[in-house]
Amino acid sequence: MVAKSEHYDGSDIQVLEGLEAVRKRPGMYIGSTGPRGLHHLVYEVVDNAVDEALAGYCDNIDVWINQDNSITCDDNGRGIPIDNHPKEKIPTVEVVLTILHAGGKFGGEGYKVSGGLHGVGVSVVNALSTRVEVKVRRDGAEYAISFEHGKTVEKLHKIGPAKGTGTKVTFWPDPEVFKETTEYDYTTLANRFREMAFLNKGLRITLHDARDIDAEGNPRSEVFQANGGIVDFVKFLNEGKETLNKPVYFEAEGPDGEVEVALQWSTSYTTNSVMTFANNINTHEGGTHMDGFKQAITRTINEYARSKGLLKDKDPNLSGEDAREGLAAIVSVKLHDPQFEGQTKTKLGNTEIRPLVQTAVTQGLGEYLEENPTPAKRIVSKATQALKAREAARKAREMTRRKNVLDSFALPGKLADCSSKDASLSEIFIVEGDSAGGSAKQARDRTYQAILPLRGKILNVERAGLHRSLSSETISSLITAIGTNVGDDFDPEKARYHRIIIMTDADVDGAHIRCLLLTFFYRYMPELINLGYIYIAQPPIFGLKKKNSRNPKIERYIYDEKALSATLAEYDDPGKFDVQRYKGLGEMDPEQLWETTMEPATRTLLQVNIDDAVEAERVVSELMGDQVEPRKEFIQKHARDVRFLDI
Ligand code: 28F
């Protein structure tokens, strides 16, 4: 047993104060103490190993989800230094693990993965874990040091010889901090590691799950490695789609940083499969690199089209939407001092990076189009078709607008609006059909609750493209009611409600409508998802009431199948109860619908978030796109997870 340090000197006080700050307000450091914050701990540790790869010293990282939901991460880098830190007089590894923001490995020359919510340092992981064990392999020996609640409990000591070098960190998230759950989600981690592998060409990351053992006793494991880097990433995004060109790749370097771009068009209609990263962080909210990229794409395609006579002088310019229809692209920038802004700190603010990206894309794409006239013509004709569809849709809208010129900006007839004009207090329920619409209109509190009944299935925008979608009355009424418009005219400030609640029936049709609506929001209003405006209502699926009782009142409402059996077991004489299955919202009377699903005090709403844009992109394309094969594979792969219990 290694002696505990009795005396407290300067660095001890600093350690205690830092850790105290983290434990008091963990949300400040990891965003939340829910599942996202829990997974953030893993990203903090792995980011340090990836930094070591960025610096050129590590090419292999193993991550274990252990049986007890602790996490072990092991890299083959140089190993955190163990010499005494000049200022703190304790081993550098102890400084990195216990002093806030001490992980700043590289001052000027290198790129740290971190920034924004990222890069708070592994000391935050330490503060929010009941225990952390670190093993360092360096100079032919292996050393160990361990911590509890962020405090050193076992000083650094040699445990024996070591082959190779590297750092291994195991941590146990503190259930006192992560009260909601300390259970890791395999897919969440797998998706992030897949992304990291794409963004760091050649780096191998292997994820092992000791909780999932196969018949031969082997733990589930998956290797993520992309020798083609972001070209592989674009191929992954376009898997199963008909593509118009081989992926185009180019890179550039400037005094402020580096940029890498890969892009590939397909026949699909999506225009938001452009993913941007800064120092490996997914900049969901875009920023200066995205702006430079978009402008360069639009200008380059227009210039090329005109130079080849594919766009006549009298033709209007292709819009950004036209040029990006069907485009999947990765824009990855690395910069020394990233400035992250926006709602979720995932918008890049550095203005100096914009011209670097703009020039690189103009040059890179321009050369590609000149040197590859056949795919170039396909790409341009895709864009000109989009332009024509847009023109046609505009004319169609003009026609309808002229027809009822008075209410051209009126809200859709089906909308039962709320009286409040304060969007932050207002909510809109999107319901299926007029019967549900009817009871929702009676049930609601009309001061702040609006109802928009949809007539049956909505168009699958994944296959229809923006302009054909706009000609669908349901879609255009949805857009008008929400008020933000779409595409280049989208403005979240114009949202008329800050809660947009999808309230469809708890049956297969309802699930399909919900999927179509989520596809619509993901494709045309993703920022509303990032802002947390999109919700899914949770109506009850069963009602329990006493057999032939005079009182028709429901004893208990049940919201999912699992809870049914548990509740029936609780009422030890189910024979005395009738179980009523609600097939549609219309079957509940307004009071029941209000009390169970719409009243803020008693309802449960699921907030929709794009936790992993890559995953969302793939699922939406695979499930809703026009390629049958990937959908069949997806359904076969996930069929066991889907349970529509149809009594
Ligand atoms: C499983 C998680 O954390 N790997 C890490 C290194 C390597 C160095 C380092 C880390 C130097 C002065 C701070 C080694 N040799 N995996 C990891 N690998 N940190 S974290 O240095 C820490 C900085 O203060 C390292 C030479 N330079 C840097």
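Everything in this summary refers to the structure shown in the same document. These numbers were taken from a predicted model, which means no experiment stands behind them. (Residues numbered from 1 in each chain as written. Predicted model: local features only at pLDDT ≥ 70, side-chain atom pairs only at ≥ 80, totals over all residues. Heavy atoms only, no water.)

**Section: the overall build of the protein chain**
As a reminder of what qualifies: A helix here means a DSSP run of H or I that spans at least four residues, while a strand means a run of E at least two residues long, and both kinds are numbered starting from the N terminus. Only protein chains enter the accessibility calculation, which uses a 1.4 Å probe; a residue is then buried when its area is under 20% of its type maximum, exposed when over 50%, and partly exposed in between. Method for areas: the Shrake-Rupley scheme with a 1.4 Å probe, in which residue coverage is limited to the protein chains shown.
Helices and strands together make up the secondary structure of the protein chain, namely 20 helices and 23 strands. In the protein chain, buried positions account for 52% of the 647 residues. Taken as a whole, the protein chain presents about 29,500 Å² of accessible surface, with 51% of it coming from carbon and sulfur.

**A few points about the sheet that holds strand β20 (residues 542-546)**
Where we set the bar: For two strands to count as paired, DSSP must find a minimum of two bridges between them. As a rule, the C-alpha atoms of each element are fitted with a line to give its axis, helices using only the stretch in contact, and angles between N-to-C directions run from 0 to 180 degrees.
Strand order across the open sheet formed by three strands is β21-β20-β22, with antiparallel pairing between neighbours. The open sheet has two free edges, formed respectively by β21 (556-558) and β22 (577-581), since each of these has just one partner strand. For this sheet the average axis-to-axis angle between neighbouring strands, irrespective of direction, equals 25 degrees. Alignment of β20 against β21, held across three bridges, turns out to be antiparallel.

**Things to note about the packing of aromatic side chains**
Operational definition: Here is the rule: rings of Phe, Tyr and Trp (six-membered ring for Trp) pair when centre to centre is within 6.5 Å. Planes less than 30 degrees apart are stacked, more than 60 are edge-to-face, and the remainder are tilted. Here, over-ring charges are defined by two tests on the NZ atom of lysine or the CZ atom of arginine: distance to the ring centre within 6 Å, and angle to the ring normal within 35 degrees.
A full pass over the atoms with the stated rule returns five aromatic pairs. On the numbers, 4.5 Å between centres and 15 degrees between planes, the contact of F198 with F233 is stacked. In this pair, F198 is assigned in helix α6 (residues 186-199) and F233 in helix α7 (residues 230-237), connecting sequence segments 35 residues apart. Judged by its relative accessible area of 9%, F198 falls in the buried class. The lysine or arginine in question, K168, covers the ring of W64, its NZ or CZ lying 6.0 Å from the ring centre. Positioned over the ring face of Y186 is R220, at 3.7 Å from the centre of the ring.

**As for the environment of Y43**
Heads up, the condition is: Whether two residues touch is decided by their heavy atoms; if any such pair falls within 4.5 Å, the residues are in contact.
By the element assignment, Y43 lies in helix α3 (residues 35-54). Residue classification places Y43 among the buried residues on the basis of a relative accessible area of 14%. With 82 residues separating them along the chain, Y43 and V125 place their C-alpha atoms 9.9 Å apart. Leaving out residues up to four positions away in the same chain, Y43 has contacts with T188, L189 and R192.

**Looking at the packing of helix α14 (residues 473-482) against helix α15 (residues 508-524)**
Going by this rule: What sets the label is the angle itself: under 35 degrees gives roughly parallel, over 145 gives roughly antiparallel, 65 to 115 gives roughly perpendicular, and the rest give oblique. The hand of a helix crossing depends on one turn: near helix anticlockwise from the far one by less than a right angle means left-handed, and clockwise means right-handed. Gly is put with the polar residues, along with every residue not named as nonpolar or charged; the nonpolar set is Ala, Val, Leu, Ile, Met, Phe, Trp, Tyr, Cys and Pro, and the charged set is Asp, Glu, Lys and Arg.
Between α14 and α15, whose axes approach to 12 Å, the crossing angle comes to 60 degrees. Comparing the axis directions of α14 and α15 gives the class oblique. Here α14 and α15 pass one another in a crossing that is right-handed. Residues I475, L478, I479 and I482 of α14 form the contact with α15, whose participating residues are L517, F520 and F521. Its residues assigned to classes, the contact of α14 with α15 shows seven nonpolar, no polar and no charged.

**Notes on the pairing of strand β3 (residues 129-138)**
Where β3 meets strand β6 (residues 166-173), eight bridges bridge the pair, whose relative direction is antiparallel. The residue of β6 that forms the bridge with V136 is T167. Pairing geometry for β3 and strand β4 (residues 141-148), over seven bridges, is antiparallel. When the bridges of β4 are listed, E133 appears paired with S146.

**Describing the side chain of T567**
Applied cut-off: Polar contact criterion, stated in full: a pair of N or O atoms within 3.5 Å, where within protein one must be able to donate a hydrogen and the other to accept it, and residues adjacent in sequence count only if both atoms are side-chain atoms.
Here T567 is to be found in helix α17 (residues 561-570). A distance of 2.6 Å separates a polar side-chain atom of T567 from the backbone oxygen of A563. When residues no more than four places from it in sequence are discounted, the contact partners of T567 are L544, R556 and I558.

**Observations concerning the pattern of salt bridges**
Applicable threshold: For this document, the term salt bridge refers to a Lys or Arg side-chain nitrogen within 4 Å of an Asp or Glu carboxyl oxygen.
In this structure the tally under the stated criterion is 21 salt bridges. The partner of K155 in a salt bridge is E94, and the shortest N-O contact between them spans 3.2 Å. In this pair, K155 is assigned in strand β5 (residues 151-161) and E94 in helix α4 (residues 92-98), connecting sequence segments 61 residues apart. In this structure, E370 engages K308 in a salt bridge whose closest nitrogen and oxygen atoms are separated by 3.3 Å. With E370 in helix α10 (residues 353-371) and K308 in the loop between α8 (288-307) and α9 (320-324), the pair connects residues that are 62 residues apart, well separated along the chain. By relative accessible area, which is 45% here, E370 ends up partly exposed. The exposure class of K308 is partly exposed, given its relative accessible area of 42%. Salt bridges linked by common partners bring R131, E133 and E148 together as one network.

**Topic: the environment of Y368**
In this fold, Y368 is placed in helix α10. For Y368, a relative accessible area of 12% translates into the label buried. Between the C-alpha atom of Y368 and that of Y249, which follows or precedes it by 119 residues, the distance is 9.2 Å. Apart from the residues lying within four places of it in its own chain, the contact partners of Y368 are N245, K246, V248, P375 and I379.

**Some words on the packing of α6 against α7**
Packing of α6 against α7 brings their axes to within 7 Å, and their N-to-C directions diverge by 135 degrees. Taken together, the axis directions place α6 and α7 in an arrangement best described as oblique. Contacts between α6 and α7 involve R194, E195, F198 and L199 from the first element and I230, D232, F233 and F236 from the second. Among the residues making up the contact of α6 with α7, the classes are represented as five nonpolar, no polar and three charged.

**A closer look at α15**
The condition is simple: For a helix, the expected span equals 1.5 Å multiplied by the number of residues minus one.
Given a rise of 1.5 Å per residue, 17 residues ought to cover 24 Å, and the 24 Å separating the end C-alpha atoms of α15 matches this to within 8%. Every buried residue belonging to α15 is among G510, A511, I513, L516, L517, T519, F520, F521, Y522, R523 and Y524, and all of these are buried. Its side-chain oxygen 3.2 Å from the backbone nitrogen of D509, D507 forms the N-cap of α15.

**A look at unusual backbone geometry**
Here N69, not a glycine, exhibits a phi torsion of approximately 65 degrees, which is positive. Its location among the elements puts N69 in the loop between β1 (60-65) and β2 (71-75). Residue N69 is classed as buried on the basis of its relative accessible area, which comes to 14%. In this structure, N279 takes a positive phi of about 50 degrees despite not being glycine. Position of N279 relative to the elements: it lies in the loop between β11 (273-278) and β12 (281-282).

**Overview of the sheet that holds strand β23 (residues 605-607)**
Strand pairing in a sheet relies on backbone hydrogen bonds. The paired strands run either parallel or antiparallel. If you walk across this open sheet you meet the five strands as β17-β16-β18-β19-β23, and the pairing is mixed. The sheet is open, and its two edges are formed by β17 (449-454) and β23, each paired on a single side. Taken pair by pair, the neighbouring strands of this sheet meet at an average axis angle of 25 degrees, ignoring direction. Direction of pairing for strand β18 (residues 499-503) relative to strand β19 (residues 534-537): parallel, over a ladder of three bridges. Bridged to I500 within β19 is I534. Contacting β16 (427-432), β17 and β18, helix α12 (residues 433-443) runs over the sheet at an angle of about 170 degrees to β17.

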